[in-house]
Amino acid sequence: MHALVDAQGMPIKLTLTAGQVSDIASAADLIMDLPEGAMLLADKGYDANALRNAVTERKAWANIPPKANRKDPICFSPFL
């Protein structure tokens, strides 16, 4: 189950996928409901340049920890 929630943890959109489907496969559909100016907090399973670019196009910001094999540095705040 994948969820897009608001700042209070209330669901905005839910998606159910098969267990063998990668986390990021449902991300493009979920972020269509991401409000402008929002901050996307996700785990490293969602670390991909394409997703980060799509979030930026929606005028939002992605705070996703980098995967261990990421070669280019990214901005990530563990505090958030």
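Residues numbered from 1 in each chain as written. Predicted model: local features only at pLDDT ≥ 70, side-chain atom pairs only at ≥ 80, totals over all residues. Heavy atoms only, no water.

**Observations regarding the overall build of the protein chain**
Operational definition: Runs of E in the DSSP output that reach at least two residues are strands. Runs of H or I that reach at least four are helices, and both are numbered from the N terminus. As a reference, a globule follows 2.2 Å times the number of residues to the power 0.38, and the radius of gyration itself is taken over C-alpha atoms. Partly exposed residues are those whose accessible area sits between 20% and 50% of the maximum for their type, while under 20% is buried and over 50% is exposed, using a 1.4 Å probe and protein chains only. Only heavy atoms enter the contact rule, under which two residues are in contact if any of them lie within 4.5 Å. Every accessible area reported is derived by Shrake-Rupley at a probe size of 1.4 Å, with residue values counting cover from the shown protein chains alone. Just so you know, the count uses Lys and Arg for positive and Asp and Glu for negative, and it drops His and the chain ends. To locate a charge, the coordinates of NZ of Lys, CZ of Arg, CG of Asp or CD of Glu are taken.
In terms of regular secondary structure, the protein chain is built from two helices and four strands. Mapped in sequence order, the helices and strands of the protein chain form the string β-β-α-β-α-β. For a compact globule of 80 residues, the expected C-alpha radius of gyration is about 12 Å, and the protein chain comes in at 12 Å, within 12% of that figure. If you line up the protein chain on its principal axes, its C-alpha atoms span 30 × 30 × 25 Å. Relative to its 80 residues, the protein chain shows a buried fraction of 28%. Of the contacts formed within the protein chain by residues at least 6 apart in sequence, a portion of 19% connects residues at least 24 apart. Accessible surface, the protein chain: about 5400 Å² in total, of which carbon and sulfur atoms supply 59%. Here the protein chain contributes 8 positively and 9 negatively charged side chains, and the mean placements of these two sets differ by 6 Å.

**Some points on the pattern of salt bridges**
To be explicit about the condition: Here, a salt bridge means any side-chain nitrogen of Lys or Arg that lies within 4 Å of a carboxyl oxygen of Asp or Glu.
Evaluated as defined, the whole model comprises five salt bridges. Residues Asp-29 and Lys-13 are paired through a salt bridge, measuring 3.2 Å at the closest nitrogen-oxygen approach. Taken as a pair, Asp-29 in helix H1 (residues 27-30) and Lys-13 in strand S2 (residues 11-15) lie far apart in primary sequence, 16 residues in all. Owing to a relative accessible area of 40%, Asp-29 belongs among the partly exposed residues under this scheme. Note on Lys-13: relative accessible area 21%, which makes it partly exposed.

**Structural notes on the nonpolar core**
In globular proteins that are soluble, nonpolar side chains generally tend to be buried together. Selection criterion: Residue types Ala, Val, Leu, Ile, Met, Phe, Trp, Tyr and Cys, when buried and joined through side-chain atoms within 4.5 Å, form a set referred to as a nonpolar core.
Counting residues in hydrophobic clusters, the biggest one holds 14 residues, and the most contacted among them are Ile-31, Leu-34, Leu-40, Tyr-46, Leu-51, Val-55 and Ile-64. Counting residues per element, the ones that place at least two in this core are H1 and helix H2 (49-57). Not counting the four nearest positions on each side in its chain, Tyr-46 is found in contact with His-2, Asp-23, Ile-24, Ala-27, Leu-51 and Ile-64.

**Regarding the side chain of His-2**
Basically, it comes down to this: Within 3.5 Å is the distance limit for a polar contact, defined as a pair of N or O atoms, with the added protein rule that one can donate a hydrogen and the other accept it, and that residues adjacent in sequence qualify only through two side-chain atoms.
Within the fold, His-2 resides in strand S1 (residues 2-5). At 2.9 Å, the side chain of His-2 forms a polar contact with the side chain of Thr-17. At a separation of 2.9 Å, a polar atom in the side chain of His-2 contacts the side chain of Tyr-46.

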